[in-house]
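Given next are the chains, with one letter for each unit.
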Amino acid sequence: MMHGAEKSDSPIVPVKPANKAEQSAAESVEGDGGTKRNVELQSTARTQSRAAVSQAQDRIRGAVTRNRKEKLTALLHHVSIDVLRWGFFSLKKRAAPGVDGVTWDQYAIDLEANLADLHARVHAGRYRALPSRRRYILKADGKQQRPLGIAAIEDKILQAAVVAILTPIYEAEFLGFSYGFRPGRSQHDALDALAFGIKARKICWILDADIARFFDSLSREWLIRFVEHRIGDRRIIRLIQKWLKAGVLEEGRLIETTEGTPQGSVASPLLANVYLHYVYDLWVQQWRKRHATGDVIVVRYADDTIVGFQHQQDAERFLNDLKERLAKFALSLHPEKTRLIEFGKFAAERRARRGAGKPETFDFLGFTHYATSKKDGPGFQLGRKTQRKRMRSKLREIKETLRQHRHKSIDEQGHWLGTVMRGYFAYFAVPTNTPALSAFCHHVTVRWLRSLRRRSQRHRLTWKRMGGYVERYLPPVRVLHPWPEERFRVAYSR
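Please read these numbers as outputs of a predicted model, since none were measured by experiment. (Residues numbered from 1 in each chain as written. Predicted model: local features only at pLDDT ≥ 70, side-chain atom pairs only at ≥ 80, totals over all residues. Heavy atoms only, no water.)

**Structural notes on the pairing of strand E3 (residues 205–210)**
Line of reasoning, step 1. Burial runs high along E3: 6 of the 6 residues are buried.
Line of reasoning, step 2. Relative to strand E7 (residues 304–309), E3 is paired through 6 bridges, and the arrangement is antiparallel. Pairing of Ala-209 across the sheet is with Thr-305, part of E7.
Line of reasoning, step 3. Note that E3 and strand E8 (residues 339–342) share 4 bridges and pair antiparallel. Considered in E8, the bridge of Ile-206 is made with Ile-341. (Buried < 20%, exposed > 50% of the residue type's maximum accessible area, 1.4 Å probe, protein only. Helix = DSSP H or I, 4+ residues; strand = E, 2+ residues; numbered from the N terminus. Pairing = 2+ DSSP bridges.)

Shown next as structure tokens:
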């Protein structure tokens, strides 16, 4: 084929011109490259980068298996351009930029040159971490603010690459009751383990422990010492120290921090897990073997932890020992959010005999856990419903977005609301939570109705007509998750 009929045709393949053809046909046999594209961002690059990360992790995993207790002294060479490219593609495209002001799209314009320059600076020791841009977001209660640190784009890329290299090392170290920010483990895995433990073991007391300002108060000196237990490559250690000492930029003012790690950075979850692994997990494992006189269950997700006990004496002793343990490593328990409550199979019966009322509830990973009975007969049933402040926070967010998008068509608003609610149900649609889901759907409908009515002073939108919109755009309320003990048994059997 010598001439393409359309500009958008696929690349024209050159063919040998016929003998005695006209001069125009014999002049060139070079093919047309077709429509110009940014080849660096094609899926081939993503696939090759993902394969490079997998190969590097396999090699590290093999080294960890061969040397369980020895330090790994050669790791930085695994941070190749392919691994950095994978780190770039693993970032969120629409994430807010750091102090450098460079977005994902801007960095992608000359991606290969940028990655080659970053790779050269890292391996030559010329890489310098930029301060994180401080930003505050509202917590679920809508009153307090949580500080976040937004790193620069190159810091994010390098942190993602280093975390990918360190993950197989620490996955061989972390204990089974640690669920936060680990590959193959989700919040629902932690919730399932907690529900199964409460029902399968003789649990009568629950300690809901909350570490006060964990990310802001952890000791960097202790963190580096913990990392050095397994990492002997000083270049990796120096990279982590650079990220910790970079400081934060708030309202144009550089603030040098001496403790903690910026919450929201790519490396923070892994570093937090390493810190708590040595401070909390290993200690808990030894404590329940040496001091517990009854059953003890532990579930930790990041800095949120739930510990269940059979005996009250064990729970009280553990709480006192935990306070002393955390104080040695610059941590403390939140005095108001840390509670020891009577909970479990026999709590309702025991409290009824004492005239103490129903068992108290506790919150974990967005759910309020309460003690109830089975619908089809007598017996204990762990109930879970959406945490009230989580629902209020989501409804507040939906109301504000509807106010901003009031000028858009009903079809656009409906599709957006449907997407939001499907995402909400994907997490909260668990057994025993149907009433809370129905209430959420009702409140969303009311807010949407009021928003649409405010588009005109003489609206004609009735509840009957609104019901048609709800049926057309919003998902029905139904349970999407199995019972926790069923899913936990399947996962544990594998």
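**What about the nonpolar core?**
Line of reasoning, step 1. Among the nonpolar cores identified, the biggest contains 84 residues, and Leu-166 and Phe-318 are the most heavily contacted of them.
Line of reasoning, step 2. Among the elements that line this core, the one with the most residues is helix H11 (residues 268–290), at 12 residues.
Line of reasoning, step 3. With residues up to four places along the chain from it excluded, the contact list for Leu-166 reads Leu-75, Ile-231, Ile-236, Ile-240 and Leu-270. (Core = buried A, V, L, I, M, F, W, Y, C linked by side-chain atoms within 4.5 Å. Contact = heavy atoms within 4.5 Å.)

**Thoughts on the pattern of salt bridges**
Line of reasoning, step 1. As enumerated under the stated definition, the model contains 21 salt bridges in all.
Line of reasoning, step 2. For Asp-82, the salt bridge goes to Arg-85, with nearest N and O atoms at 2.6 Å. Taken together, the residues Asp-82 and Arg-85, both in helix H3 (residues 81–89) and 3 residues apart, mark about one turn of the helix.
Line of reasoning, step 3. The partly exposed category is assigned to Asp-82, whose relative accessible area is 30%.
Line of reasoning, step 4. Owing to a relative accessible area of 8%, Arg-85 belongs among the buried residues under this scheme.
Line of reasoning, step 5. For the salt bridge of Glu-400 with Arg-403, the shortest nitrogen-to-oxygen distance reads 2.6 Å. Pair noted here: Glu-400 and Arg-403 are both in helix H14 (residues 388–404), with a separation of 3 residues, about one helical turn.
Line of reasoning, step 6. A residue is classified by how much of its surface remains accessible, and Glu-400, at 34% relative accessible area, is partly exposed.
Line of reasoning, step 7. Its relative accessible area of 46% is what places Arg-403 among the partly exposed residues. (Salt bridge = Lys/Arg side-chain N within 4 Å of Asp/Glu carboxyl O.)

**A look at the packing of H14 against helix H16 (residues 434–453)**
Line of reasoning, step 1. One way to put it is that H14 packs onto H16 with a least axis distance of 10 Å and a crossing angle of 20°. Regarding the angle of H14 to H16, the classification is roughly parallel. Relative to H16, the crossing made by H14 is right-handed. Together, Met-391, Lys-394, Leu-395, Ile-398, Lys-399 and Leu-402 of H14 and Ala-436, Phe-440, His-443, Val-444, Arg-447, Trp-448 and Ser-451 of H16 make up the contact between the two elements.
Line of reasoning, step 2. The residue inventory of the contact of H14 with H16, partitioned by class, reads 8 nonpolar, 2 polar and 3 charged. (Axes fitted to C-alpha atoms, helices over the stretch in contact; angles between N-to-C directions. Parallel < 35°, antiparallel > 145°, perpendicular 65-115°, else oblique. Left-handed = near helix turned anticlockwise from the far one by under 90°. Nonpolar A, V, L, I, M, F, W, Y, C, P; charged D, E, K, R; others polar.)

**What about the sheet that holds strand E9 (residues 362–364)?**
Line of reasoning, step 1. Spatially, E9-E10-E11 is the arrangement adopted by the 3 strands of the open sheet, whose pairing is antiparallel. Taken across any chain shown, the strands that pair with only one partner, and hence form the sheet edges, are E9 and strand E11 (380–386). Between one strand axis and the next, the sheet turns through 40° on average, direction left out of account.
Line of reasoning, step 2. When E9 meets strand E10 (residues 367–373), the two strands line up antiparallel, connected through 3 bridges. Looking at the pairing, Phe-362 lines up with His-369 of E10.

**A few points about the side chain of Arg-182**
Line of reasoning, step 1. With respect to the helices, strands and loops of the structure, Arg-182 is situated in the loop between helix H6 (153–171) and helix H7 (187–200).
Line of reasoning, step 2. A distance of 2.8 Å separates a polar side-chain atom of Arg-182 from the backbone oxygen of Ser-178.
Line of reasoning, step 3. Every residue in contact with Arg-182, bar those within four places of it in the chain, is listed here: Glu-171, Phe-174, Leu-175 and Asn-273. (Polar contact = N/O pair within 3.5 Å; in protein donor to acceptor, adjacent residues only side chain to side chain.)

**A closer look at the environment of Arg-50**
Line of reasoning, step 1. Checked against the element boundaries, Arg-50 lands in helix H2 (residues 43–66).
Line of reasoning, step 2. For the pair Arg-50 and Val-83, spaced 33 residues apart in sequence, the C-alpha separation works out to 7.6 Å.

**A closer look at the environment of Leu-75**
Line of reasoning, step 1. Note that Leu-75 resides in the loop between H2 and H3.
Line of reasoning, step 2. The exposure class assigned to Leu-75 is buried, which follows from its relative accessible area of 1%.
Line of reasoning, step 3. Separated by 87 residues in sequence, Leu-75 and Val-162 have C-alpha atoms that sit 9.1 Å apart.
Line of reasoning, step 4. Residue contacts for Leu-75: discarding those within four places in its chain leaves Ile-60, Ile-165, Leu-166, Ile-169, Ile-231, Asp-233, Arg-235 and Ile-236.

**Quick word on the packing of aromatic side chains**
Each aromatic ring pair is described using two quantities: the centre-to-centre distance and the angle formed by the ring planes.
Line of reasoning, step 1. Under the defined criterion, the tally for this structure stands at 26 aromatic pairs.
Line of reasoning, step 2. Seen from their ring centres, Phe-226 and Tyr-278 are 5.2 Å apart, and the 15° between their planes marks the pair as stacked. Residue Phe-226 is located in helix H9 (residues 220–227), and its partner Tyr-278 is located in helix H11; the two are separated by 52 residues in the primary sequence.
Line of reasoning, step 3. Residue class for Phe-226 comes out buried when judged on its relative accessible area of 5%.
Line of reasoning, step 4. Of the residues examined, Tyr-278 reaches a relative accessible area of 13% and is grouped as buried.
Line of reasoning, step 5. Geometrically, the ring pair formed by Phe-226 and Phe-329 is tilted, given 5.9 Å between the ring centres and 45° between the ring planes. Taken together, the residues span a long stretch of sequence, with Phe-226 in helix H9 and Phe-329 in the loop between helix H12 (312–327) and E8 at a distance of 103 residues. Of the two residues, Phe-226 and Phe-329, neither departs from the other in class, the shared state being buried.
Line of reasoning, step 6. The rings of Phe-214, Phe-215, Trp-222, Phe-226, Tyr-275, Tyr-278 and Phe-329 are connected pair by pair, giving a single aromatic cluster. (Phe/Tyr/Trp six-rings, centres within 6.5 Å; stacked < 30°, edge-to-face > 60°.)

**What to know about the sheet that holds strand E2 (residues 145–150)**
Line of reasoning, step 1. One open sheet holds the 4 strands; their spatial order is E2-E1-E4-E5, and the pairing between them is mixed. Because the sheet does not close on itself, it has two edges, and the strands there are E2 and strand E5 (253–255). Between one strand and the next, the sheet's axes are offset by a mean angle of 40°, whatever the strand orientation.
Line of reasoning, step 2. Across 3 bridges, the pairing between strand E4 (residues 248–250) and E5 is antiparallel. Bridged to Leu-249 within E5 is Leu-254.

**Structural notes on a positive patch on the surface**
Line of reasoning, step 1. On the surface, a cluster of positive charge is made up of Arg-146, Lys-337, Lys-389 and Arg-390.
Line of reasoning, step 2. Here Arg-146 lies in strand E2.
Line of reasoning, step 3. Judged by relative accessible area, Arg-146 falls into the partly exposed class, the value being 31%. (Patch = residues over 30% accessible without salt bridge, like charges linked within 9 Å, V, L, I, M, F, W, Y side chains within 5 Å. Areas by Shrake-Rupley, 256 points an atom, 1.4 Å probe, with all protein chains shown as cover. Lys, Arg positive; Asp, Glu negative; His and termini not counted. Charge placed at Lys NZ, Arg CZ, Asp CG, Glu CD.)

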